[in-house]
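As a plain string of letters, each chain reads:
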Amino acid sequence: MKKTESSKDVSPAKMIDARIKELGDWRGKMLSQIRKIVKAAEPDIVEEWKWRGVPVWEYNGIICTGETYKSVVKMTFVKGASLKDPSGLFNSSLEGNTRRAIDFQEGDKINEKALKALIKEAVALNSAKKSKAKAK
């Protein structure tokens, strides 16, 4: 992002592109791969940029985030505790009543099929909650 541009002038997608490029290491590649899987699982997903630098994917509410740290790329599912995880992808934030996360470390391979299924389930959960809210 150019120094003269404010974040209000740049789309969330471009900000995520810039973050991936800025990282320039395995974390950028991992975040890029996660992003592709999210978008492949739900083409109508909306990308946002929140909390001073966190990519967020939404569909009738937040589905998940893609946070980058020194040694992990963390994919946090806002309603992860309500999702079935038969492949055991969740490996972080397991103690909470709401969120669940997947910590990806350098060299990890992503189980794309299982991750897409988890994303689709989260989309369905958000869509069902929105439908119930409209019915009231």
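First, a word on scope: everything that follows refers to the structure included in this document. Quantities reported herein were computed from a predicted structural model and do not represent experimental measurements.

**Considering the pattern of salt bridges**
Right, so step 1: Evaluation of the coordinates by the stated rule reveals 7 salt bridges.
Right, so step 2: Here Arg-35 and Glu-47 are joined by a salt bridge, their closest N and O atoms 2.7 Å apart. Here Glu-47 lies in strand E1 (residues 46–50) and Arg-35 lies in helix H2 (residues 26–41), a separation of 12 residues in the sequence. Residues Arg-35 and Glu-47 agree in their burial class; the two are buried.
Right, so step 3: A salt bridge links Lys-74 to Asp-103; the nearest nitrogen and oxygen atoms lie 2.8 Å apart.

**What to know about the packing of aromatic side chains**
Between two aromatic rings, the relevant description is the distance of the centres plus the angle of the planes.
Right, so step 1: What the rule picks out here adds up to 1 aromatic pair.
Right, so step 2: Ring centres of Phe-77 and Phe-90 lie 5.5 Å apart, and the angle between their planes is 75°; on these two criteria the pair is classed as edge-to-face. Of this pair, Phe-77 sits in strand E4 (residues 73–77) while Phe-90 sits in the loop between E4 and strand E5 (100–104), placing them 13 residues apart in sequence. For the pair formed by Phe-77 and Phe-90, the shared burial category is buried.

**Re the environment of Ala-128**
Right, so step 1: With respect to the secondary-structure elements, Ala-128 resides in helix H3 (residues 112–135).
Right, so step 2: Here the alpha-carbon distance between Ala-128 and Asn-60, two residues 68 residues apart in the chain, equals 9.3 Å.

**Considerations on unusual backbone geometry**
Right, so step 1: We note that Arg-52 has phi near 55°; this positive angle belongs to a residue other than glycine.
Right, so step 2: Residue placement: Arg-52 occurs in the loop between E1 and strand E2 (54–58).
Right, so step 3: With a phi close to 55°, Ser-93 is a non-glycine residue in the positive phi region.
Right, so step 4: Along the chain, Ser-93 turns up in the loop between E4 and E5.
Right, so step 5: By relative accessible area, which is 16% here, Ser-93 ends up buried.

**Remarks on the sheet that holds E4**
Right, so step 1: Spatially, E1-E2-E3-E4-E5 is the arrangement adopted by the 5 strands of the open sheet, whose pairing is antiparallel. Only two strands of the sheet have a single neighbouring strand rather than two, namely E1 and E5. Across the sheet, the mean angle separating the axes of adjacent strands is 20° when strand polarity is ignored.
Right, so step 2: The pairing of E1 with E2 spans 5 bridges and is classified as antiparallel. Bridge pairing in E2 links Glu-48 to Val-56.
Right, so step 3: In this fold helix H1 (residues 12–23) packs onto E1, E2 and strand E3 (62–68), with an angle of close to 65° to the strand it touches most, E1.
Right, so step 4: In this fold H2 packs onto E1, E2, E3, E4 and E5, with an angle of close to 30° to the strand it touches most, E4.

Rules behind the numbers
- Residues numbered from 1 in each chain as written.
- Predicted model: local features only at pLDDT ≥ 70, side-chain atom pairs only at ≥ 80, totals over all residues.
- Heavy atoms only, no water.
- Salt bridge = Lys/Arg side-chain N within 4 Å of Asp/Glu carboxyl O.
- Helix = DSSP H or I, 4+ residues; strand = E, 2+ residues; numbered from the N terminus.
- Buried < 20%, exposed > 50% of the residue type's maximum accessible area, 1.4 Å probe, protein only.
- Phe/Tyr/Trp six-rings, centres within 6.5 Å; stacked < 30°, edge-to-face > 60°.
- Pairing = 2+ DSSP bridges.
- Axes fitted to C-alpha atoms, helices over the stretch in contact; angles between N-to-C directions.
- Contact = heavy atoms within 4.5 Å.

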